[in-house]
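A closer look at the structure
This is what each chain is made of:
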Amino acid sequence: MHLYRVYHHFPKPFLLSSTPHSLSPKHFIVPPFSLIQAHPSGIRARPLRSQNLVPFNAAENGRGSNGAAPCSSAATDFEDSSLGNGYCLPPPEIRDIVDSPPLPMLSFSPLRDKILFLKRRSLPPLAELARPELKLAGVRIDGKSNSRSRMSFYTGIGIHQIMDDGTLGPEKEIYGFPSGAKLNFVTWSNDGSCLAFSVRTDEEDGSSSMLSLWVADVVTGKSRHLFHAPDIFLNAVFDNFVWVNDSTLLVCTIPLSRGEPPKRPLVPSSPKIQSNEQKNTIQSRTYQDLLKDEYDEDLFEYYATSQLVLVSLDGTVKEVGAPAIYTSMDPSPDGKYILISSIHKPFSFLVPCGRFPIKVDLWGADGNFLRELCDLPLAEDIPITHNSVRRGKRSINWREDKESSLVWVETQDGGDAKIEVSPRDIIYTEPAEPLENKKPVVLHKLDFRYGGISWCDDSVALVYESWYKTRKTRTWIISPGSESVNPRILFDRSFEDVYSDPGSPMLRRTPTGTYVIAKIKKEGGEGTCVLLNGIGASPQGDIPFLDLFDINTGTKERIWESDKEKYYESVVALMCDHNEGEICVNQLKVLTSKESKTENTQYYILSWPGKKAYQITNFPHPYPQLSSLKKEMIRYERKDGVQLTATLYLPSDYDPSIDGPLPCLMWSYPGEFKSKDAAGQVRGSPNEFAGIGSTSPLLWLARRFAILSGPTIPIIGEGNEEANDSYVEQLVASAEAAVEEVIRRGVARPDKIAVGGHSYGAFMTSNLLAHAPHLFCCGIARSGAYNRTLTPFGFQSEDRTLWDAISTYVNMSPFMSANKIKKPILLIHGEEDNNPGTLTMQSERFFNALKGHGALCRLVILPFESHDYAARESVMHVLWEMDRWLQKYCVASSSEASEDQKGSEENASSITDAGGKAVSVAGRVP
């Protein structure tokens, strides 16, 4: 039913594989426009925690993954003849950090008496990404394994008993599955006695086998194949399996009657035709991997179609229902019913499968069809305006606090957020099998868009609604079992205002495996109390808290707060929820995480009344070479008075009085706001551990860079103003304030500051080089979109179309200002980018525009890579490219202004650095 997992700060799993690949990234480079004329052909040649790697032997013995010697990135070796040598490796000080082993994932048992350590490998070699994949209806499918392509996996499972004193018992390994198996979808049974998981192995041709279903006894650790028949495999394109009860699973399997995949006809049966003779208004974002023709439709139906089977722990199998494209299976809390969702034809060439016709049925736990809940038509015409939704029943779910009661929402505005209507959404509820002629009960009416419900019991439930245009959010308290108690607003605030966030109610697990709001009993007290778990945003940074909140009187009592001075602590989950009824406040037991600037995250069990903490993990530092790095959250002001923040990182042995200013890398991502006050609020904590991802800018601390991470780049549209109408001006003003601050502090030189970003951060980077060339010596833009006319139906938070705001789309597009970019810019993009809007073509066309104006630029296309970069060869080469760019155009850049800067420096203003010496910052862009 549920995977009882801990929300953690550990590295996100990356894609894994076995052997390196011989392909090379594609490089295109144009020398400085001031030296030679650009040649038209050019030269051929992934906010996160640590994503670590296992080193390849080829890299360890000094050879590249394709047998070539690794390219040098020493500061003195910049000859272009050293490029074109296959995949390259960054310097050892970066490579060693990325190659540090990944930490395991954690999962607690339903009874909170055991903990799983789910073990992982590191980044895969490119060979795994090179495996064929089908791009169908917005989904990428591995046809060999009949699952989503490029799935990460676990390599092993260790179980620890949680002892009475909070310590962990010795590890017991789950065993019995094939050596080298890839494990996925690890799920506890409701009683915590068994684990279910999928197993796949590598084939001789390097592909992955189909997924088989296994179960393991958590007491003995022994695992076994669940199906007796060797030819029953999981279909994991959508849902895969779910526990119906403690001894039965409902499983999506590949139909045994399925034949060979459809073959593309040599001659098409007809032209590709799309028609809008009905004059429908259909707008959609720039989706990728859509169906293109009838053959794609046939392939999608072939691989996505499943046969559902009920299988007992003794291996008994019963087929239920007809083969269909099942997308979700949700048993009722009492295990008597199952919600079954499926999609069907007609498919669409305009939108991904999430908008295909969807049918939701109610089945009995025995697999028998009971009734249809809805059959929604194809939804190609959902408006692009924020908060627009599909028409008809949506968010159909079980009440978590009832045995088998359904709840859903229906829009009253036709799904169009532009239509003014009250109410906008209505929430309904009814039993799984309602009495004849009994209509659904109206649970609540909303004027904003429905955002979910936290259930407790018949007396208490919290209903959430929000409205993006105004950034308003409301929390209602209702009594689902009493029509006489009127709903009332508990919280009414702006979701941008993080300082006013009261926190979220902590949930407890029920015996049926659902999660409801935990009711807390005060010693000798009366009333209904809940625990509010909050991030505690403040001008000093985040200080997480736990409040005892009386929902009737609104009074709060803070019963726990994070250490403010050195540590960043947060409450992760309740650990005392295995018994029914109210929880006494003096018997509270919670799981917390704890970290500092230099100490990585560890987990503790904290118990009341003494609030004694027992440490249950002791993970090693993932990169001890940076264990004493210097981190500071800094505040400064934009020229229009908006307060800005950033995190400044400095090398561990940096001494400003001795070392002076360092080369600096500024890495950021813009955000949209409706108010200056909200934009100026501090987010994050100065005491959080510095997680370093596989392509993180923090890696350059090892190369003695100052890193300005996440400087806030707020794009503000107050009232009726549209934020993006002044995007360039606000972008430049924010960047200028950040640059002035690091110069004022004496940690950076004005001629050695580089700027970079990924995705929308790449868009930011290219715009800054075009409109604020006086601020930066070079830029790095990864996986970006640069021409907004190629995303004409909205992007990011922009929900106007190109035709509604032509000047905004054009002025925001750095492609239109390619002639203004005179500073060196490195473009990197995955050849198989699947992110809406960031087509690989965006970087290719931007590079051609830059090259057409003689800009110093370089384009690197990474074979098989998507929006984020996964393969070890690709990641290492990206780091080499970035390091080479920074060493050549930032570290080794001349302190004298180049010819293209002199004009802008005539209007330079002066500020002073930390030592009082005047330094130049070229003319501001208003």
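Look up: the structure comes first, before these words.
The structure reproduced in this document is the subject of the present report. Numbering of residues starts from 1 in every chain and runs along the sequence as written. Residue-level local features of this predicted model are given only where pLDDT is at least 70; pairs of side-chain atoms are given and counted only at 80 or more, and the full residue set underlies all totals for whole chains, interfaces and linings. Heavy atoms throughout the structure, all of them, feed into the side-chain values; hydrogens and water do not.

1. Comments concerning the pattern of salt bridges
One side chain can pair with another of opposite charge once the charged atoms of both are near each other. A carboxyl oxygen of Asp or Glu within 4 Å of a side-chain nitrogen of Lys or Arg is what we treat as a salt bridge. Tallying each qualifying case throughout the model produces 51 salt bridges. Between Glu 557 and Lys 522 there is a salt bridge; the shortest N-O distance is 3.7 Å. Of this pair, Glu 557 sits in strand β34 (residues 556–561) while Lys 522 sits in the loop between β31 (519–521) and β32 (529–534); the two residues are 35 residues apart in sequence, bridging distant segments of the chain. Between buried and exposed lies partly exposed: a residue is buried under 20% and exposed over 50% of the maximum accessible area for its type, with that area taken using a 1.4 Å probe on protein chains only. On the basis of relative accessibility, which here comes to 39%, the residue Glu 557 falls in the partly exposed class. For Lys 522, a relative accessible area of 33% puts it in the partly exposed group. It is possible to trace a salt-bridge network through shared partners that takes in Arg 394, Asp 413, Glu 420, Arg 424, Asp 425 and Arg 449. In this text, helices come from DSSP runs of H or I with a minimum length of four residues, and strands from runs of E with a minimum of two, each type numbered from the N-terminal end.

2. Description of the nonpolar core
Grouped together as the largest cluster of nonpolar side chains are 63 residues, with contacts concentrated most on Leu 708, Tyr 727, Leu 768, Phe 776, Leu 827 and Leu 850. The element contributing the most residues to this core is helix α7 (residues 727–744), with ten residues. Working rule for contacts: check all heavy atoms of both residues, and any pair within 4.5 Å makes them a contact. With residues near it in sequence (within four places) discarded, Tyr 727 still touches Pro 670, Ile 715, Tyr 760, Phe 763, Met 764, Asn 767 and Met 812. Residues belong to one nonpolar core when they are buried, are Ala, Val, Leu, Ile, Met, Phe, Trp, Tyr or Cys, and are joined through side-chain atoms within 4.5 Å. Counting 39 residues, the second-largest nonpolar core is a separate cluster that includes Leu 123, Tyr 623, Trp 700 and Leu 856.

3. Some points on the environment of Gly 321
You can see Gly 321 is positioned in strand β16 (residues 317–331). Distance in space between the C-alpha atoms of Gly 321 and Trp 363 is 9.4 Å, their sequence separation being 42 residues.

4. Some words on the pairing of strand β35 (residues 567–574)
The buried count for β35 comes to seven of eight residues, which makes it a mostly enclosed element. Strand pairing is assigned whenever DSSP detects at least two bridges linking the two strands. Two strands pair when backbone bridges link them, and β35 and strand β37 (residues 589–596) are joined in this way by seven bridges, in the antiparallel orientation. The partner of Ala 573 across the bridge, within β37, is Leu 591.

5. Quick word on the sheet that holds strand β4 (residues 134–136)
Read from one edge to the other, the open sheet built from three strands follows the order β4-β5-β6, with strand pairing classed as antiparallel. Because the sheet does not close on itself, it has two edges, and the strands there are β4 and β6 (147–148). Here the axes come from fitting lines to C-alpha atoms, over the contacting stretch only for helices, and the angles between their N-to-C directions go from 0 to 180 degrees. The strands that helix α4 (residues 294–304) touches are β4 and β5 (139–142); relative to β4, the one it contacts most, it runs at about 105°.

6. Describing helix α8 (residues 760–771)
In this scheme, a helix's expected span is set at 1.5 Å multiplied by one less than its residue total. Compared with the 16 Å implied by 1.5 Å per residue over twelve residues, the 16 Å span of α8 between its first and last C-alpha is a close match. Most of α8 sits inside the fold, with twelve of its twelve residues counted as buried. Burial in α8 covers these residues: Tyr 760, Gly 761, Ala 762, Phe 763, Met 764, Thr 765, Ser 766, Asn 767, Leu 768, Leu 769, Ala 770 and His 771.

7. Some thoughts on the sheet that holds β35
Overall, antiparallel pairing links the four strands, which are arranged β35-β37-β38-β39 in an open sheet. Only two strands of the sheet have a single neighbouring strand rather than two, namely β35 and β39 (612–615). Recorded for the sheet is a direction-independent mean angle of 35° between the axes of neighbouring strands. The pairing of β37 with strand β38 (residues 602–607) spans six bridges and is classified as antiparallel. Counted as the bridge partner of Val 590 is Leu 606 from β38.

8. Some thoughts on the pairing of strand β33 (residues 545–550)
When you tally the buried positions in β33, you get six out of six residues, the bulk of the element. Because side chains alternate across β33, one face comprises the buried residues Phe 545, Asp 547 and Phe 549, and the other comprises Leu 546, Leu 548 and Asp 550, equally buried. One ladder, built from six bridges, connects β32 with β33; its direction is antiparallel. Looking across to β33, one finds that Leu 532 is bridged to Asp 547. Judged from the five bridges that link them, β33 and β34 form a sheet pairing that is antiparallel. The partner of Leu 546 across the bridge, within β34, is Trp 560.

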